[in-house]
Amino acid sequence: MAIEWWLLGFAFAVSLAGTFALRRYAVRRQILDVPNERSSHLNPTPRGGGLAIVASVLSGMAILRYLGHVADSTFYAVLGGGFLVAGIGFLDDRKHIPAGIRLMVHFAAAVWALYWLGDVPPLNFGWAIWHWSWMGNVFATISLVWLLN
């Protein structure tokens, strides 16, 4: 139990310090999201803070893997997919990346994660079991990309 509380505190500290540092960086370099008619905020907002959250999750996953609480395949799925999504998001915050390129990177991240996680398990309805075969991987890939966007 002590490990979970320590890790929670560590993840919070990494995300807090990282968000603070990235916010200062974004304000200093004028990397701001200026509100428009579709915006949910009223004032210019620094961009790129999500990178700190990703850093805390990935570092937490690395610690859990080191302690033997996370399987290698899960670690590699989250690490590779996380780096791809966070990287393209950060680049898009710095300099606009066309939607088609971002979409391709999101598909690559989903395929990477699903490769490491393995096939989609059968769906058990209680009275019948649905085996997905290749359709499960296609459905899971599209679902992950939908979730990312």
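Cut-offs applied
- Residues numbered from 1 in each chain as written.
- Predicted model: local features only at pLDDT ≥ 70, side-chain atom pairs only at ≥ 80, totals over all residues.
- Heavy atoms only, no water.
- Salt bridge = Lys/Arg side-chain N within 4 Å of Asp/Glu carboxyl O.
- Helix = DSSP H or I, 4+ residues; strand = E, 2+ residues; numbered from the N terminus.
- Buried < 20%, exposed > 50% of the residue type's maximum accessible area, 1.4 Å probe, protein only.

Asks: Describe the pattern of salt bridges, listing the residues and the values that go with them.
Replies: Per the counting criterion, the structure on display carries 3 salt bridges. Close ionic contact of R47 with D93 constitutes a salt bridge, the shortest N to O distance being 3.5 Å. Of this pair, R47 sits in the loop between β2 (45-46) and α2 (50-66) while D93 sits in helix α3 (residues 72-94), and the two are 46 residues apart along the sequence. Among the residues examined, R47 registers a relative accessible area of 29% and is labelled partly exposed. Between D92 and R102 there is a salt bridge, with its nearest N and O atoms 3.4 Å apart. Note that D92 is positioned in helix α3 and R102 in helix α4 (residues 99-117), a separation of 10 residues in sequence. D92 sits in the buried class, given a relative accessible area of 15%.

On their own, these measurements won't tell you what the molecule is for.
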